[in-house]
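Breakdown of the fold
Read off the chains here:
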Amino acid sequence: MINIVLFGKPGAGKGTQAEFLKEKYKLTHLSTGDIFRFNIKNETELGKLAQTFIDKGDLVPDEVTIKMLQSEVEKNPNSAGFLFDGFPRTIAQAQALDAFLGTKKEVITATIALEADDEILVARLLERGKTSGRADDQDEDKIRNRYQEYNEKTAPLMGYYKEQGKFYAVDGIGSIQEITERLSSVIDNL
Ligand code: AMP
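Only a predicted model underlies this, so the values are computations on that prediction, with no experimental measurement involved.

Another aspect to go through is the overall build of the protein. If you tally the helices and strands in the protein, you get nine helices and five strands. The order of α-helices and β-strands along the protein, N terminus first, is β-α-β-α-α-α-β-α-β-α-α-α-β-α. Seen along its three principal axes, the alpha-carbon backbone of the protein occupies a region of about 40 × 40 × 30 Å. In the protein, which comprises 190 residues, the share counted as buried stands at 47%.

Set out below in C-alpha cells:
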C-alpha cells in the first residue's frame, strides 16, 4: 500500500493534481474539503457543523475532522493506498492519522508539498472564486485567514514529517502536466 499526503497552501493545486495522481497510481483520493462540501450541500448534521468554520476560513475542529476521515478510510477496505488531500492540517490530526494507520499495520509513505508564493495563490483563489461558488474563495479577508490558519497550525507539519524522513517538496508553479511529472518523479523514487 502506498499512502501519500498532498501538502500545500489553499490554491496550491492539490485537488487538481490529485485527480491525475489517483488515476496513475490507483489511489483512493480523500479530500476532507470535498467531503465537508458534500455534507454541506446535502445539509447533513456534519455539514451544518462544519459550515460555520469553513465559511469563516477557520479549520473545522480536530475531533470532527479526524472522525470523519477515519470513517472514509474504513469505507475503502480494499484500497491499494490513499491520497490524502487537505488532511492532516494540524499536528493532532497527523498523530491521529499515524495511530489510526498503525492499527491497520499501515504507514504514511510520503508527504509531498506543492510550493508556491502566497501572493500568486491569493490571486489564484480569487480567480477560482468567480466560478467555484465557494464563499471561502470569494473574500480576500477569508482567504487571508485561511493562510493564517495554515501558517499557525499546518506549517508545523513539515517538521513533523521531516523528522520521520517523509517530507518532499516540489515547485508548484508551472503547467498542470509539468507539476504532475514533478510529483510522479518523487513517487516513483519512493
Ligand atoms: P480545502 O478544500 O482543503 O481548501 O478545505 C476547505 C475548508 O474545509 C478549510 O478551509 C477548512 O475550513 C475545512 N477543512 C478541510 N480539511 C480540513 C482539515 N483537515 N482540518 C480542518 N478543517 C479542514
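Additional details are given in the paragraphs that follow.
With 15 residues, helix α6 (residues 118–132) ought to run about 21 Å at 1.5 Å a step, and its terminal C-alpha atoms sit 20 Å apart, in line with that. Residues of α6 that are buried: L121, V122, L125 and G129. An end-on view of α6 places all buried positions within 100° of arc, on one side of the element. Residues of α6 that are exposed and angled more than 90 degrees away from the buried face: K130 and T131. Residues of α6 that are buried in the fold lie against α7 (140–154). Of the residues flanking the start of α6, the one acting as N-cap is D117, its side-chain oxygen 3.1 Å from the backbone nitrogen of E119. Remark: G133 follows α6 within two positions and exhibits a positive phi of approximately 75°.

Bringing the site of the ligand into the picture now. Around the ligand lies a shell of 16 residues, among which T32, R37, D58, G86 and Q93 are the nearest. One nitrogen or oxygen atom from the side chain of T32 is found 2.8 Å from a nitrogen atom belonging to the ligand. Residue V60 places a main-chain N or O atom 3.0 Å away from a nitrogen atom belonging to the ligand. The element best represented in the shell around the ligand is helix α2 (residues 32–41), accounting for four residues. Of the residues belonging to the shell around the ligand, the class tally is five nonpolar, five polar and six charged.

Moving on: the sheet that holds strand β2 (residues 28–31). Ordered in space as β2-β3-β1-β4-β5, the five strands form an open sheet in which the pairing is parallel. One side of each edge strand has no neighbouring strand; the edge strands of this open sheet are β2 and β5 (167–171). Each adjacent strand pair in this sheet contributes to an overall mean axis angle of 20°, direction not counted.

Here the focus is the side chain of T180. With respect to the helices, strands and loops of the structure, T180 is situated in helix α9 (residues 176–188). Setting aside its immediate chain neighbours within four residues, T180 contacts Q17, F20 and L21.

For the rest of this paragraph, the subject is the UniProt feature "binding site: ATP" (unreviewed entry) in the protein. In the numbering used here, UniProt assigns the "binding site: ATP" (unreviewed entry) feature to G11, A12, G13, K14, G15, T16, R128 and G174. Structurally, A12 can be placed in the loop between β1 (4–8) and α1 (14–25). When near neighbours in sequence (up to four residues on either side) are disregarded, A12 contacts L114, L121, R124 and G172. Secondary-structure assignment places G15 in helix α1. Residue G15 is classed as partly exposed on the basis of its relative accessible area, which comes to 33%.

Moving on: the environment of E72. Take E72: it is sitting in helix α4 (residues 62–74). On the accessibility criterion, E72 (15% relative accessible area) is buried. Sequence separation between E72 and I143 is 71 residues; the distance between their C-alpha atoms is 27 Å. Not counting residues within four places of it along the chain, the set of residues in contact with E72 comprises L30 and I35.

Attention now moves to the UniProt feature "binding site: AMP" (unreviewed entry) in the protein. UniProt records the feature "binding site: AMP" (unreviewed entry) at T32, R37, D58, L59, V60, G86, F87, P88, R89, Q93, R134 and R146, using the numbering of this structure. In terms of the greatest pairwise C-alpha distance, the residues named above, spread along 115 residues, do not form a single cluster, extending to 24.4 Å across. Looking at R37, its side chain comes within polar contact range of the side chain of D34, at 2.8 Å. Inspection of the secondary structure assignment puts G86 in the loop between β3 (82–85) and α5 (91–103).

Reading the values: rules and limits
- Residues numbered from 1 in each chain as written.
- Predicted model: local features only at pLDDT ≥ 70, side-chain atom pairs only at ≥ 80, totals over all residues.
- Heavy atoms only, no water.
- Helix = DSSP H or I, 4+ residues; strand = E, 2+ residues; numbered from the N terminus.
- Buried < 20%, exposed > 50% of the residue type's maximum accessible area, 1.4 Å probe, protein only.
- Expected span 1.5 Å × (residues − 1).
- Arc of directions from axis to C-beta.
- Contact = heavy atoms within 4.5 Å.
- Polar contact = N/O pair within 3.5 Å; in protein donor to acceptor, adjacent residues only side chain to side chain.
- Near = heavy atom within 4 Å.
- Nonpolar A, V, L, I, M, F, W, Y, C, P; charged D, E, K, R; others polar.
- Pairing = 2+ DSSP bridges.
- Axes fitted to C-alpha atoms, helices over the stretch in contact; angles between N-to-C directions.
- UniProt positions renumbered as here; feature names shortened; annotations may be inferred.

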